[in-house]
There are 2 protein chains.
Amino acid sequence: MTERTLVSQLHAREDGLVSVSGWVETVRDQKKVQFVILRDETGAVQLVNPATRPAEDGSEQDVAALAMTETISGLATGTFLTAHGALKHDERVKLGGVEIKLHSLEIAAAANPETPIAADSSPEKRMDWRFLDLRQRRNNLIFRVQTTFEHALRTYWIERDYIEVHSPKLMASPSESNAELFALEYFGDQTAYLAQSPQFFKQMAQVSGFGKIFEIAPAFRADPSFTSRHATEFTSIDAEISWIDSHEDVARMQEELLQFAFQAVADKHGAEVQELFGVEVQVPAIPFPRIPLAEALEIVKSRGYEVPRTDGDLDPEGERQIAAYVRETYGHQFVFITDYHPGIRAFYHMRDEETGLTKSYDLLFNGVEITTGAQREHRVDVLIEQAKEKGLDPEHLNFYLDFFRFGAPPHGGFGMGLARVLMLMLGESSIREVTYLFRGPTRLAP
Amino acid sequence: MTERTLVSQLHAREDGLVSVSGWVETVRDQKKVQFVILRDETGAVQLVNPATRPAEDGSEQDVAALAMTETISGLATGTFLTAHGALKHDERVKLGGVEIKLHSLEIAAAANPETPIAADSSPEKRMDWRFLDLRQRRNNLIFRVQTTFEHALRTYWIERDYIEVHSPKLMASPSESNAELFALEYFGDQTAYLAQSPQFFKQMAQVSGFGKIFEIAPAFRADPSFTSRHATEFTSIDAEISWIDSHEDVARMQEELLQFAFQAVADKHGAEVQELFGVEVQVPAIPFPRIPLAEALEIVKSRGYEVPRTDGDLDPEGERQIAAYVRETYGHQFVFITDYHPGIRAFYHMRDEETGLTKSYDLLFNGVEITTGAQREHRVDVLIEQAKEKGLDPEHLNFYLDFFRFGAPPHGGFGMGLARVLMLMLGESSIREVTYLFRGPTRLAP
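## Overview of the overall build of chain A
Each helix and strand counted, chain A has 12 helices and 16 strands in total. Its C-alpha atoms give chain A principal-axis dimensions of roughly 95 × 60 × 40 Å. The buried share of chain A, taken over its 446 residues, is 59%. Carbon together with sulfur atoms contributes 49% to the accessible area of chain A, which is approximately 17,900 Å² in total. Taking the average place of the 45 positive charges on the side chains of chain A and the average place of its 67 negative ones, the gap between the two points comes to 4 Å.

Below, the structure is given as C-alpha cells:
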C-alpha cells in the first residue's frame, strides 16, 4: 500500500503514484468525466476519473471501470475515503495546481446522503451538528489558531520558569460567589461545587512558594444569560505571580504575553485568517494604553454616552465607546481600565492605601472585557475586614484564609477567557463560533 | 529599591548590595550572630546578622541594630520577607558558597509561629495543609517536572501539526459508563454529567476532519476506592489520530512521545530528581516491548502466579509480575499488553477480523497501567452491534452514534493519567503525592 500523502504536500511531490485520505467535499458527475474534491486536514485536491457508462448499444465495457464510475456517482458528501492514483501537476487546475487521476478508492465510512446542515444554517442548527459544522475550512482554522495561541502562551511562561498547575474543579466551597454555582452530590452526604475559577488555588500556589504559575483549564458558571460572551463552561487562562509591587506588574506581564502570542498567530496563520475571516491579526504594540476607570467614564460621557449603571462601572456600550476612543487616540485594540472602586471588585483585591481604590484592572480587546487582573490582598487581617465589608462570613472562607496565616508573599494575577480572545481576534460575533462544543443554559449536547 | 535577585542567580553575581525575597525556612539565633535560611522558588540562601543584644550593664546600644536582632529572633518559619544586604562569596558557606549580610528586612506577611505539619507528618495531615507541604523542595520539584513533561508532550504534538481541543466536561449523557458518574442539576429540569473522559469528543474531532488532536484536561470518576492509583478528579492526557491501520500506529506515536518527554525531564531535572527522590529518570528505548495478553498470562503463570480474576484480564499483581519479566528480559520499564478480549474492553474498541480480539493495548510503566489505547470502531452498524452485545441501548448513545453516520475515518488514540506517570517516574508511592490538590471520596478540601 502506498503511504498516505497529505494534500498540502502534493504540490512539492513529483508526478507519480500517490494515496490521499480525506472526505468528499463535492462530486461533479459529468457524462464523460467525474471530479471529486477531497479535503483532508491540510487542504483539498481534485480527483478525476474518465467516466465509463454502460454503453447505449449494449456493447461490453471494462467491468472495473464501470464499477469505479458507479462508485463515484454514488459518493455522498462527507464520505471518508482513501484514493490511490497518479498525481499530475497542471497549472490550469485552480485548486493547488495538481490533480490525481484515480486508480482506486477505498471507502472508510460512507456518509448518509442527506447532510443535515449547510454553511448558512442557523447557529443553533449548526451547533446541533457541530461535528459536521467543524469540517468547514474556516472552523478548522479557528482551532489551529487556538492551538498556536495557547502554545505561545505556555512557551512564554515556560521560558520564564513558570510552573504549570492543575487545580481541582471539585471544591468543598464556592471559589468566587454563591451565585451562578453548580453543585453536586458527592458520595452521599457531601456537596461539591464546580470551580467558577481557579482563583483560590492559584493564590495557594503563591503561599506554597511556587513563585509564578499558570493554568489553562475549564471553569464553570451557572450563568443563565444568553449573550454572545457567556457560557456555562469555558476555558480559563490564568496566571499568578509573586513579589509584585502592584497590579501594574501583572499588566506588564500580560501585555508582553499577548504580544508574543499574537505574533505567533500572525506569523503562522495571518494570511489564512485574512483570506477566510477577512481580518488582519494585529500584533499589539506595548505598552497597551492604561486609563483609570474614573477618567474612562469622563471620556465616555464627553462622547455623548451616559453609562446607565449606578455602581460606577462601565457597561458593554461604555466599553465599546472607550475602545473607540482608544482606537482613535492611540490606534490600539487593547486598553487597561484601572483603579476600580472596591464596591465593584472582589473582596480579595488589594486596595491602594492613598486612594482606597483597588489595585486592579480590566483588559478590553476591541471593546470587550477579556480579563480581570489584580494584586491580591495577602495580609489576613485586612482580608478578613474586606470580606466582612462585602457581607461574607469569614468562617465560610476559612480554608482560603488559612492560606495567609502561615506567611504569604505579595502577589497578583489575571484570568482571561480563551473564547473571547479568539472571537475578537477573528472578528466573530459570538464565543459559540469559536468554542469546540459550546455549553449554555439550553445547550448540553452533543 | 534594589531589584529582586533570585537565589539561583546569587552565585553568578559579584559581591555587593542585593535584595532577595522568599520565606524563612530556619532561624539559628545564637548569642553573637543570627542566621536565617531564606528559601525562594529557585533555592535557599543564608542571611547573617551580628546580634546586638541589650547590654547587661545597661549601656546604650544602637537602636536599629537592637531592633533588627529582635525582629530576627521573632521570625516564624514560613514568614515571607524581602531581605536587603551585602552579598559575599565565601567558599566555606555550604549553602551555595554565598551569604548575605543583612542591612534590612521587609516582612510581607508573618507566619503563625505554630506550623501545623512537619515533613514527616501523616499523608492525610499533610494534605490538610497542602499549601505548606508544597513548600518542601522535593514537592516543588514534582511540579517543575510536571511542567517540563507536559510542555514536551505538547511540543511533540504541535511540531507534528496536532490540534489542541478543549472538550466539554458537562455532558447530557455519560461518556463512558453509567457507573462512577457524577451528576448535577442543570438549570432546573436538566441533568448534566461530568465527563469521565474526553473519549466521545476526541473521536468527534476525527469525524470533523481534524486529523490529529490532543487534550490535557480534568476528568471525573465517582470512584469510591481508596487505592494509591485512584482519584475522583484527575488530569487526563489524551490524543486521537485518523487514518491509522491499527492500534499499532497509536502505540508507535505514544512510545515516541514518551521517549521525547522523558528525555526533556531527564535533561532538565535528572540530577535534581536523583538528589531528592533517589531515582534515575530513565529515557525509554523504542520500540517498547509488546506482549499479547494471552502470552502475558502464560508468562505470569510460569513465574508461579495464578491471576485470580475470571475475566481474563491481569490484576495488579499480574501487572507487577509481567513488569518484572520485562525488566529481566528486555531491561525495559514499559510494556504494551495487546489483544484484549472484547469482553473486557469498551464497546467502541475495534476488533480484529481474524482473531476477534480488540485492536487495543494497555501500557504498563513499572508494573502499573498508565494508559489504554485502541483503534476505534468507525463503522456505525458494527458499533451498534457491539454496543448491544454489551447490553447498552443504542438509543441512549444516539448523539455519539450520529458522529459516524455522516462519514468517518479509521482512527484511534489513547488516554494517559498524568499523576500515574509522575508517581512512577519519581518512585512515589501514591498519586496523592504528585497531585497539586488530591480529590478522593473523603477529600474535597482545601
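## So, the sheet that holds strand β14 (residues 360–365) of chain B
All names here are of chain B. Read from one edge of the open sheet, 8 strands run β6-β10-β11-β16-β15-β14-β13-β12, paired in mixed fashion. Edge positions in the sheet fall to β6 (163–164) and β12 (290–292), since each has one partner strand and no second. The pairing of β12 with strand β13 (residues 334–338) spans 3 bridges and is parallel. In the strand pairing of β13, R290 is matched with F336.

## A short note on the side chain of Q333 of chain A
Residue and element names in this part refer to chain A. On the secondary structure map, Q333 appears in the loop between α9 (316–330) and β13 (334–338). Overall, Q333 belongs to the buried group, its relative accessible area being 17%. Ignoring any residue separated from it by four or fewer positions in sequence, one finds Q333 in contact with Q282, L364, F365 and N366.

## Overview of the interface of chain A and chain B
Across the boundary between the two partners, chain A contributes 97 residues, which contact 97 residues of chain B. The contact between chain A and chain B buries some 7,900 Å² in all, and 66% of this surface belongs to carbon and sulfur atoms. Notably, a salt bridge pairs R154 of chain A with E164 of chain B, separated by 2.8 Å at the nearest N-O pair. Across the chain A-chain B interface, the total number found is 38 residue pairs in polar contact (both at pLDDT 80 or more). Sorting elements by how many residues they give to the side of chain A that touches chain B places helix α5 (residues 137–159) of chain A first, with 10 residues. Of the residues that constitute the side of chain A that touches chain B, the class distribution is 53 nonpolar, 24 polar and 20 charged.

## A short note on the domain arrangement of chain A
The domain architecture assigned to chain A consists of domain 1 (7–109) and domain 2 (128–434). Each of domain 1 of chain A and domain 2 of chain A has a C-alpha centre, and the two are 49 Å apart.

## Concerning the relation of the copies chain A and chain B
For these two chains of identical sequence, chain A goes onto chain B by a turn of 180 degrees and a shift of 0.0 Å along the axis, with RMSD 0.0 Å. A rotation of that kind, with that shift, is consistent with a two-fold axis. Considering only C-alpha atoms, the residue of chain A closest to the rotation axis is L184 of chain A, which sits at 2.4 Å.

## Thoughts on the sheet that holds strand β6 (residues 163–164) of chain A
All names here are of chain A. Strand order in the open sheet formed by 8 strands is β6-β10-β11-β16-β15-β14-β13-β12, and the pairing between neighbours is mixed. Lying at the two open borders of the sheet, with one neighbouring strand each, are β6 and β12 (290–292). In the packing of α5 onto the sheet, contacts are made with β6, β10 (212–220), β11 (233–242) and β16 (411–417), and the angle to β10 comes to roughly 150 degrees.

## Some points on the nonpolar core
In terms of nonpolar packing, the biggest core is built from 85 residues, with F149, W157 and Y436 of chain A together with Y400 of chain B touching the most fellow members. Of all the elements, helix α7 (residues 247–277) of chain A adds the most residues to this core, at 12 residues. Those residues in contact with F149 of chain A that sit more than four places away from it in its chain are I237, L258, A261, F262, V265, L418, V421 and M425 of chain A. If you look at the next biggest cluster of nonpolar residues, it comprises 84 residues, including A205 and L397 of chain A together with A152 and W157 of chain B.

## As for helix α7 (residues 247–277) of chain B
Residues and elements named next belong to chain B. Taking 1.5 Å of rise per residue, 31 residues should cover 45 Å, yet α7 covers just 35 Å from first to last C-alpha, more than 12% shy of that figure. At H269, α7 shows its strongest bend, of approximately 75 degrees. In this structure S246 caps α7, since a side-chain oxygen of it lies 3.0 Å from the backbone nitrogen of E248. Trailing α7 by a residue or two, G278 shows a phi angle of about 65 degrees, which is positive.

## A short note on the packing of aromatic side chains
Scanning the model with the defined rule gives 66 aromatic pairs over all chains in all. Ring geometry for F143 of chain A against F210 of chain B: centres 5.8 Å apart, planes inclined by 35 degrees, an arrangement best described as tilted. With F143 of chain A in helix α5 and F210 of chain B in the loop between α6 (199–207) and β10 (212–220), this pair bridges two chains. You'll find F143 of chain A and F210 of chain B in the same group, each marked buried. Feature note: the residues W129 and F131 of chain A together with F200, F201, F347, Y348, F399, Y400, F403, F404 and F406 of chain B constitute an aromatic cluster, connected by ring pairs. Seen from the ring of Y156 of chain B, R160 of chain B lies directly overhead, with NZ or CZ sitting 3.7 Å from the centre. Looking at R345 of chain B, its charged tip hangs above the ring of Y340 of chain B, at a distance of 3.7 Å from the centre.

## Brief notes about the pairing of β13 of chain A
Residue and element names in this part refer to chain A. Counting buried residues in β13 gives 5 out of 5 residues, a clear majority hidden from the surface. Residues F334, F336 and T338 line one face of β13 and the alternating positions V335 and I337 line the opposite face, and both faces are buried. When β13 meets strand β14 (residues 360–365), the two strands line up antiparallel, connected through 5 bridges. The residue of β14 that forms the bridge with V335 is L364.

Reading guide: rules and limits
Per chain, residue numbering runs from 1 following the sequence as it is written. To read the labels, note that chains go from A and ligands from 1, taken in the order they are written. In keeping with the model being predicted, local features are shown solely for residues with a pLDDT of at least 70 and side-chain atom pairs are shown and tallied solely at 80 or more, while totals for entire chains, interfaces and linings include all residues. The side-chain figures draw on all heavy atoms in the structure; neither hydrogens nor water molecules are used. Think of it this way: any DSSP run of H or I at least four residues long counts as a helix, any run of E at least two long counts as a strand, and we number them from the N terminus. Note on classification: 1.4 Å probe, protein chains only; a residue is buried when its accessible area is under 20% of the maximum for its type, exposed when over 50%, partly exposed between these limits. In short, Shrake-Rupley with a 1.4 Å probe defines the accessible areas, and a residue's cover is counted only from the protein chains shown. Positive: Lys, Arg. Negative: Asp, Glu. His and the chain ends are not part of the count. Here the site of a charge means atom NZ of a Lys, CZ of an Arg, CG of an Asp or CD of a Glu. Pairing between strands is defined by DSSP: at least two bridges between them are needed. Contact between two residues is taken to exist if any of their heavy atoms lie within 4.5 Å; hydrogens are not considered. Throughout, buried area stands for the accessible area (probe radius 1.4 Å) lost by two parts on being put together, summed over both. Every case where a carboxyl oxygen of Asp or Glu lies within 4 Å of a side-chain nitrogen of Lys or Arg is listed as a salt bridge. Side-chain atoms alone can form a polar contact between residues adjacent in sequence; in general such a contact is a pair of N or O atoms within 3.5 Å, and within protein one must be able to donate a hydrogen while the other accepts it. Amino acids are sorted into nonpolar (Ala, Val, Leu, Ile, Met, Phe, Trp, Tyr, Cys and Pro), charged (Asp, Glu, Lys and Arg) and polar (every other residue, Gly among them). Where each domain starts and ends comes from a domain assignment, either automatic or drawn from a database. To line up the copies, we fit them by least squares on C-alpha atoms, keeping just the residues with pLDDT of at least 70 in both. Think of each axis as a best-fit line through the C-alpha atoms, taken over the contacting stretch in the case of a helix, with angles from 0 to 180 degrees between the N-to-C directions. Put simply, a nonpolar core is a bunch of buried Ala, Val, Leu, Ile, Met, Phe, Trp, Tyr and Cys residues held in one set by side-chain atoms that sit within 4.5 Å of each other. The span you would expect from a helix comes to 1.5 Å times its residue count less one. Note on bend: the value at a residue is the angle between axes fitted to the seven residues ending there and to the seven starting there. Within 6.5 Å between ring centres, the rings of Phe, Tyr and Trp (the latter by its six-membered ring) count as paired, and their orientation is classed by plane angle as stacked under 30 degrees, edge-to-face over 60, tilted in between. Two conditions define a charge sitting above a ring: the NZ of Lys or the CZ of Arg must be within 6 Å of the ring centre, and it must be within 35 degrees of the ring normal.

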